[in-house]
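What the coordinates show
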Amino acid sequence: AQRVTQPEKLLSVFKGAPVELKCNYSYSGSPELFWYVQYSRQRLQLLLRHISRESIKGFTADLNKGETSFHLKKPFAQEEDSAMYYCALSDQGAQKLVFGQGTRLTINP
Amino acid sequence: NAGVMQNPRHLVRRRGQEARLRCSPMKGHSHVYWYRQLPEEGLKFMVYLQKENIIDESGMPKERFSAEFPKEGPSILRIQQVVRGDSAAYFCASSQGMIAEQFFGPGTRLTVL
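Residues numbered from 1 in each chain as written. Chains lettered and ligands numbered in written order. Predicted model: local features only at pLDDT ≥ 70, side-chain atom pairs only at ≥ 80, totals over all residues. Heavy atoms only, no water.

Turning next to the packing of aromatic side chains. Under the counting rule described, the total for this entry stands at 10 aromatic pairs over all chains. When the ring of F99 of chain A is compared with that of F104 of chain B, the centres are 6.1 Å apart and the planes differ by 80°; the resulting orientation is edge-to-face. A residue pair is termed interchain when its members come from two chains, as with F99 of chain A in strand β10 (residues 97–99) and F104 of chain B in strand β10 (residues 103–104). Look at F99 of chain A and you get buried, because its relative accessible area is 7%. Owing to a relative accessible area of 2%, F104 of chain B belongs among the buried residues under this scheme. The interplanar angle of 70° and the centroid separation of 5.9 Å between the aromatic rings of Y35 of chain B and F45 of chain B together place this pair among those described as edge-to-face. In this pair, Y35 of chain B sits in strand β4 (residues 31–37) while F45 of chain B sits in strand β5 (residues 43–50), placing the two residues 10 residues apart along the sequence. Taking relative accessible area as the criterion, Y35 of chain B reaches 0% and is therefore assigned buried. On the basis of relative accessible area, F45 of chain B is assigned to the buried category, the value being 9%. Through pairs of rings, three or more aromatic residues link up here, namely F34, Y36, Y86 and F99 of chain A together with Y35, F45 and F104 of chain B. (Phe/Tyr/Trp six-rings, centres within 6.5 Å; stacked < 30°, edge-to-face > 60°. Helix = DSSP H or I, 4+ residues; strand = E, 2+ residues; numbered from the N terminus. Buried < 20%, exposed > 50% of the residue type's maximum accessible area, 1.4 Å probe, protein only.)

Residue and element names in this part refer to chain B. All chains considered together, the criterion is met by 2 disulfides over all chains. A sulfur-sulfur distance of 1.7 Å marks the disulfide that ties C23 to C92. Around the S-S axis, the bridge from C23 to C92 shows a dihedral of about -50° and counts as left-handed. Separated by 69 residues along the polypeptide, C23 in strand β3 (residues 19–24) and C92 in strand β9 (residues 88–95) bring together distant segments of the chain. We note that C23, like C92, is buried. (Disulfide = S-S within 2.5 Å.)

At the junction of the two partners, chain A supplies 13 residues and chain B supplies 22 residues. Across the chain A/chain B interface, buried area totals approximately 1,600 Å², and carbon plus sulfur atoms make up 50% of it. Between E40 of chain B and K9 of chain A there is a salt bridge, with its nearest N and O atoms 3.1 Å apart. At the junction of chain A with chain B, the criterion picks out 6 residue pairs in polar contact (both at pLDDT 80 or more). (Contact = heavy atoms within 4.5 Å. Buried area = accessible area lost by both parts, 1.4 Å probe. Salt bridge = Lys/Arg side-chain N within 4 Å of Asp/Glu carboxyl O. Polar contact = N/O pair within 3.5 Å; in protein donor to acceptor, adjacent residues only side chain to side chain.)

The next thing to look at is the pairing of β5 of chain B. Strand residues, when the strand is regular, have side chains that alternate between the two faces of the sheet. Residues and elements named next belong to chain B. Burial analysis of β5 places 6 of its 8 residues in the buried class, the great majority of the element. In this sheet, β5 lies alongside β4 in antiparallel orientation, the contact comprising 7 bridges. Each bridged residue has a counterpart across the sheet, and for R36 the counterpart in β5 is K44. In textbook terms, the turn of a hairpin is the stretch between consecutive antiparallel strands, and for β4 and β5 this stretch comprises 5 residues, one of which, E40, has a positive phi near 65°. With 3 bridges joining them, β5 and strand β6 (residues 53–56) adopt antiparallel strand pairing. The residue of β6 that forms the bridge with Q50 is N53. Connecting β5 to the antiparallel partner β6 that follows it, the hairpin turn spans 2 residues, and E52 within it adopts a positive phi of roughly 70°. (Pairing = 2+ DSSP bridges.)

Right, let's get into the nonpolar core. Counting residues in hydrophobic clusters, the biggest one holds 25 residues, and the most contacted among them are W35, L72 and Y85 of chain A. At the level of secondary structure, the elements contributing two or more residues to this core comprise β2 (10–14), β3 (19–21), β5 (31–38), β6 (45–49), β9 (83–91) and β11 (103–108) of chain A. Ranked by residue count, the leading element in this core is β9 of chain A, at 4 residues. Among the nonpolar cores identified, the runner-up in size contains 23 residues, and F65, A88, Y90 and V112 of chain B belong to it. (Core = buried A, V, L, I, M, F, W, Y, C linked by side-chain atoms within 4.5 Å.)

Let's shift gears to the sheet that holds strand β7 (residues 65–68) of chain B. Residue and element names in this part refer to chain B. Ordered in space as β1-β3-β8-β7, the 4 strands form an open sheet in which the pairing is antiparallel. Each edge of the open sheet is held by one strand with a lone partner, namely β1 (5–7) and β7. Taking the axes of each pair of neighbouring strands and ignoring which way they run, one obtains an average angle of 15° across the sheet. (Axes fitted to C-alpha atoms, helices over the stretch in contact; angles between N-to-C directions.)

With an omega dihedral of -5°, the bond running from N7 of chain B to P8 of chain B counts as a cis peptide bond. Examined against the element boundaries, P8 of chain B turns out to sit in the loop between β1 and β2 (10–13). Of note, the phi angle at K57 of chain A is positive, near 50°, even though the residue is not glycine. Structurally, the position occupied by K57 of chain A is in the loop between β6 and β7 (60–61). Taking relative accessible area as the criterion, K57 of chain A reaches 47% and is therefore assigned partly exposed. With a phi angle near 65°, E40 of chain B is a residue other than glycine that sits in the positive phi range.

Put into structure tokens, the structure is as follows:
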């Protein structure tokens, strides 16, 4: 069965420190991986997807098929990065998204 | 483009009543998805619809829940005879096509008393 695991419910780092939000998945095929973000009082929005290989707001994520991971990283955290982050996958043949439980990231000044 | 619209934003029902949640997709989007988020959990897929068709309802509970996306008007998620366990946030998303990005609405928070 498809599953996405985000082991940290809460993560707190200081401004300027590196950030890594962990995401592991279990899936037998070739999934597409995503990171979604929800800022306070805003709707869920796509941050990045692995096929685009973009860096958005300084965040990057590399798909590691050997470790079945898709960790989200940023070298220098900013206060505006405080938000709820969800890792998700979809089967390339289907449209539904499977979400992790989410990690609440807090950037301390 | 106002984005995906959901109403009501908050809905309170007593046990046994019906709940109707509405979702208007973004302009030009013909694919709609419904997700449910229980407290302290991630979003869970419920159903995927295109205009007038249910494509994938593998996440829908077998009883009391139904969804539609008529030719005209919003998509409706209907929960009959609500129970306390139905209390959750229900999110709708829409996309232009099958592999396109899903855009999410603000959600409807259902509380069952």
